[in-house]
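What follows is the residue order along each chain.
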Amino acid sequence: MEEKTENLTPLTDKDPKELAEAIAEVLDSKKGRDIKVVHVTEKTSIADYFVICTGNSSTQVKALIGEVEHKIGLRGVEPIRTEGRDNGSWIILDYASVIVHIFSREARDFYNLDKLYRDEN
């Protein structure tokens, strides 16, 4: 079955915040939990935004990553790198200006990126 793409606005010329928000919408549509878009420009030079999300299981973590890659890819943007796909507890998609972190509950509590990179604006 072919997916409809005519209503999808390309993200290729959008700013990092719009990309991060589009990613958060995809995660929300797949029932990702505790989704946060965090502006990190003042704290790190590796990205402008982090999108942080929790999956209920390793299966859901992998499904969330797959959905982001698919839906954002349909809008013209591909990750430059993916890390952690084999472990299912913390997977990262690197879109240069936006880095997506999908965690299991345990990994999110352990690494606590929310506290480390909290948006204080």
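That block above? That's the structure.
A brief structural summary. Treat the numbers as computed from the prediction; the structure is a model and nothing was measured. (Residues numbered from 1 in each chain as written. Predicted model: local features only at pLDDT ≥ 70, side-chain atom pairs only at ≥ 80, totals over all residues. Heavy atoms only, no water.)

So, the sheet that holds strand E4 (residues 90-94)
Thought 1: Ordered in space as E1-E2-E5-E4-E3, the 5 strands form an open sheet in which the pairing is mixed. Looking along the sheet, the strands with just one partner apiece sit at the ends: strand E1 (33-39) and strand E3 (81-83). Taking each pair of neighbouring strands and ignoring which way they run, the sheet shows an average axis angle of 10 degrees.
Thought 2: Pairing between strand E2 (residues 49-55) and strand E5 (residues 98-104): 7 bridges, direction parallel. Residue pairing in the sheet places Ile52 in a bridge with His101 of E5.
Thought 3: The strands touched by helix H1 (residues 16-29) within the sheet are E1, E2 and E5, with E2 carrying the most contacts at an inclination of about 5 degrees.
Thought 4: Its contacts with the sheet put helix H2 (residues 58-74) on E2, E3, E4 and E5, and the angle it makes with E4 is roughly 10 degrees. (Pairing = 2+ DSSP bridges. Helix = DSSP H or I, 4+ residues; strand = E, 2+ residues; numbered from the N terminus. Axes fitted to C-alpha atoms, helices over the stretch in contact; angles between N-to-C directions. Contact = heavy atoms within 4.5 Å.)

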